[in-house]
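Remarks on the overall topology
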Amino acid sequence: MKSVRTSSFWRTSLNAELLAAVLAGGVLLGGSWIALSRLQQSYVQLAQADAERVNLYLREHLAAGSVQLQQLAELPVEQLQGSAPRLLQVFSDLYLVDAQHQVRRILKSASGSRVFMGFSFAGSRIEPYLHSGKGVGSTSHISRGLEDERASIYIQHPLVLPAAADGRPLFLLGRLNLSYIQGFLNQFSRFSGNPVLLVTRDGFVMLSSQPLQVPAVDLSFAASAPGPVRPLTLEGQQWLPVVSRNSALGASIVTLVPLDRLFQQQQLVLLLAATVALLMAVVFVVKTLRMRQQLFGPISSFINQLVELEMQYRRPATSRVPLTLLDDGAETGASGANFLEIQQIRSSFTALMQVIHQRDLILQQQLRTSLTAATIAHEINQPLATIHLLCQLAQDQLGRDASGLDIPDLISKLDHQSQEVNRVIERMRMLLRNVKTELHPTDITSVVSSACLYLKAQLQSHQVQLCCSGLDRDDLMVEADAGQLQMAITNLLRNASDAVSHQPPERRLVALSLLPSVSSSAAEVILRIEDSGPGFRFDPSDDTLFHSSKAAGTGLGLFVVRTTLANHQGSLELGRSSRLGGAQVSLVLPLLSPSPA
Amino acid sequence: MLGLAGLLLGLIVWQGLRRSAVVVAVGVDLPLVPGAAINPSDRHTADLYLEEHPRSRLRLVNHFNDEVAASGPASIAKLKRQGVRFFITTQSSTLAVPSLREFADGSALAINVSAVSNRLSGHDDFFFRVVPDVTQEQQAIARRLDGLPGRRLLVLQDISNPGYTEPAFAVLQAELSRSGRWQMVKHRLSVPDFDPRRDQHLLTGRYDAVYLLAGTFLPMIGNVAQLLYTQHPNVPILLTPWANSPAILESAGPAVRSIQIASNFRTREQDLRIDRYLRRFERRFGYTPYAMALRTRQAFEILDAAVRSGATTPMEVKRYLLRQPQHSTSFGVVRFDADGDVAGAYQFLKPRWQTLP
């Protein structure tokens, strides 16, 4: 058999809503992440464009320097010693060098330069870029200058006119004034907000926009992938380097995008998404808790009452307690009064309960009446059949032989059966009266005394000793129908008398006692009747409708007693008498007012 | 019983985790060369070491040198306050001598790769060196000079790093005075502020040998050497181990033909281990580091071995360093004496361009 996993509705609802909150948070997060990535991509593209602009400026600067140097190279050597070279602001240092890269003349020199007449650039890092080709200029990669170890770019151009002295070719070697580029980088960085670095292939930073002071950047991982590469940590900050190569300079233009801003944006979005998801979850939890209190609470109470109702109807009708209607939850706050549906459920259920209750009462009454009628019919039928038989016997005997007739005996038996019919009819009348019980404050002592007096003659004729106790009080008042109650007590005393009738005369004992008692809930009076007979032959705890310990008994008497007590909100306890050894019957009736013991 | 076993197991696991979580921060100097681009050779050496030893528990913290001597101890004290207990320093003697007190009480331990002042020698402290002190170094240079022909010696002493050059000159002078062969002329100049026009007169005269007593890998040593070469084209120019740098040779031009550099290492052509390492370095970073970076590598190997042995405090590392008779490194063994100093032999390299260290 396939088992179905069950769960409560509110738990399922909460799980679904929390899942929705998580999914919503995830979707929000994912969406934000994609948007941020695109934003970051755009940001990086802007930085890339910035780097390209710097690249363009550098190329133009190099081209301008090259053109100026070429123009200068067209001048005669004598004029180069004049003021013309000094006017070229694009170069900070200018030399005439020979084919061995040795300085033959210093035309212009920056302050603090360590290059001197006769200084050789041979073996230096710029030597590979210097050549002795005719009429063609060349530009070195950016590197540390031999003058002052500062970033330098050298441009060389052969002189157009041969040198006069020895006829050997000479070259103009100029070191670009990079203060222009430095200033440009500073300005550019200030406007763009991103530091710009000029980094050689070996990772040394040649130029950087102020105020960033970084000696070297590890760009080895970016060798094959220009553009944004993995983040760098410089001066305690995280940067995203955007690399643009400048093959003419042998360097990379690195635009540093501060990741702090991107991280802040990401963190802000993450925080926002997490907050939204959390708020949704909180709202769902609070809502579920409130729903559980105001909606599911009453529903749960309703379910409990339905279960209780079922249990009630599984019990015998006589032991049912009156149904309480749906709890309004006022004490627990789970009234659900805010919800129309709950109010409708409550009112409908209450109405349903009332209908069921009334119908149950009617059904019980009808059942009781039907059973009683059937039993009475059966009871009446028996003595009538006996009477009929006796009459036939009397007729037969009177017709055949009158001398042998035991007429008195037959008449006595007829009388007895007639009395039996009479008794059944009395009980029937009483049962019919039970339909409407009229309760009045009644002194139970007088009712018991009346019953004893009523049976006094019978008891004496059966030689039964009746011992009464507790009948001297006059304060034991009960709400009772005196007639019904007296009938019930008479029945019980008669039963006791019948029970001891087979005992020897000296053992025919019946005891009656009246005891006030205070139970946990109310003051009560207990009427106990004990006898010295054989006791109950059936299980006293069995509350089947009709039982009897007598051979010819119908159990109708005990049923009458039960019915009477039910009509009086009392109870009946059956057991064995510890004092007399026979049956013990206890009638418990609520007192009108507590009575001291 | 079961609970006790669980507790013991938990304790062992916790100890294991605690042990694996120990991080040793190492201060690495990034020399600030005055007036020059900064050379990140040491930092890159550290990076390469950790890349090649991903399971190492060493973690790097930058420690920047400064030109001002007083800033040396302050920068170390600052890092100590941040919890750094181990330093691999490239401080020159001028910075290292005042910093010595920071390593006196065992709150931190340093392995220095460049300070050779004999004022750092003979102290039972937490300052270790993987380089011989200036006495051994200058004795070796004096012996080399004694092996050269001639009588007239020009010594140019750099005054920008007196912590090194003053005791070095004192030792050299004492050693040379024993033979009494050399007539020594000494000029003092600030190499970082070298101006060929202004300082040219210091180089004039007739000399049989020139000794440029300068260190800290100042690139302008090459410019001075080239000017010396133009003045004295056939005279040997001796340089200290602290001028063993490709950048210096680039500036030296044709003076490379006359240069002899004192070194504890052989050239890369002579030592395949060095060549292989430099090839890895060049492949990774695109340039050749100066010679001192080899010592930085040695210092990392020694410190990492100490940490691997379980030493995590300066005292434990000190015990380890002194207990081992010798420490194997990629470029040979290192033996510390009781004071954390080392002895070493010198040779004199006649480099060609781009062949050093």
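Whatever comes next refers back to the structure up there.
Every chain is numbered on its own, with residues counted from 1 as its sequence reads. Chains and ligands are labelled by the order in which they are written, letters from A for the one and numbers from 1 for the other. Totals for whole chains, interfaces and linings use all residues, but because this is a predicted model, local features are given only for residues with pLDDT of at least 70 and pairs of side-chain atoms are given and counted only at 80 or more. Note: side-chain values were computed over all heavy atoms of the structure, leaving out hydrogens and water.

1. Regarding the packing of helix α1 (residues 9-73) of chain A against helix α4 (residues 179-192) of chain A
Residue and element names in this part refer to chain A.
- Note on method: axes are straight lines fitted to C-alpha atoms, helices fitted across the in-contact stretch only, with angles between N-to-C directions ranging 0 to 180 degrees. Helical segments are the DSSP runs of H or I of at least four residues, strand segments are the runs of E of at least two, and each set is numbered from the N terminus. Packing of α1 against α4 brings their axes to within 11 Å, and their N-to-C directions diverge by 160 degrees. By the angle class used here, α1 and α4 are roughly antiparallel. Crossing of α1 over α4 shows right-handed handedness. Judged by residue contacts, Asp50, Arg53, Val54, Tyr57, Leu58 and His61 of α1 engage Tyr180, Ile181, Phe184, Leu185, Phe188 and Ser192 from α4.
- Only Asp, Glu, Lys and Arg are considered charged, only Ala, Val, Leu, Ile, Met, Phe, Trp, Tyr, Cys and Pro nonpolar, and every remaining residue, Gly among them, polar. For the contact of α1 with α4, a count of residues per class yields eight nonpolar, two polar and two charged. The scheme is simple: roughly parallel for angles under 35 degrees, roughly antiparallel for over 145, roughly perpendicular for 65 to 115, oblique for anything else. If you view the pair so one helix is near and one far, a crossing is left-handed when the near helix is turned anticlockwise from the far one by less than a right angle, and right-handed when it is turned clockwise. Should any heavy atoms of two residues lie within 4.5 Å, those residues are considered in contact.

2. Some points on the pairing of strand β17 (residues 509-518) of chain A
All names here are of chain A.
- Here five bridges tie strand β15 (residues 465-469) to β17, and the two strands are oriented parallel to one another. Bridge pairing in β17 places Gln465 opposite Leu509.
- Relative to strand β18 (residues 523-531), β17 runs antiparallel, the two being bridged by nine bridges. Looking at β18, one finds that Ser513 is bridged to Arg528. Whether two strands pair comes down to DSSP finding at least two bridges between them.

3. Topic: the interface of chain B and chain A
- Counting from both sides, the interface comprises 30 residues of chain B and, opposite them, 24 residues of chain A.
- Summed over both sides, the interface of chain B with chain A buries roughly 2200 Å², with 54% coming from carbon and sulfur.
- Computed with a 1.4 Å rolling probe, the buried area is the accessible surface lost when two parts are put together, summed over both parts. Three residues stand out in chain B for area buried against chain A, namely Arg197, Asn223 and Glu250 of chain B, and they jointly supply 22% of the buried area on that side.
- Each salt bridge in this description consists of a side-chain nitrogen of Lys or Arg and a carboxyl oxygen of Asp or Glu lying within 4 Å of one another. Inspection of the region where chain B meets chain A yields zero salt bridges.
- Within 3.5 Å is the distance limit for a polar contact, defined as a pair of N or O atoms, with the added protein rule that one can donate a hydrogen and the other accept it, and that residues adjacent in sequence qualify only through two side-chain atoms. In this structure, the connection of chain B to chain A is made through seven residue pairs in polar contact (both at pLDDT 80 or more).
- Mapped by element, the contributors of at least two residues to the side of chain B that touches chain A are α7 (196-203), α8 (220-231), α9 (246-252) and α10 (272-285) of chain B.

4. Some thoughts on the sheet that holds strand β1 (residues 91-97) of chain A
All names here are of chain A.
- Pairing within the open sheet is antiparallel, and its five strands lie in the order β2-β1-β7-β6-β3. Of all strands in the sheet, those bounded by a partner on one side alone are β2 (103-108) and β3 (138-139).
- Relative to strand β7 (residues 171-176), strand β6 (residues 154-158) is paired through five bridges, and the arrangement is antiparallel. When the sheet's bridge partners are listed, Pro158 is paired in β7 with Phe171.
- Lying over the sheet, α1 contacts β1, β3, β6 and β7, oriented at roughly 30 degrees with respect to β6.

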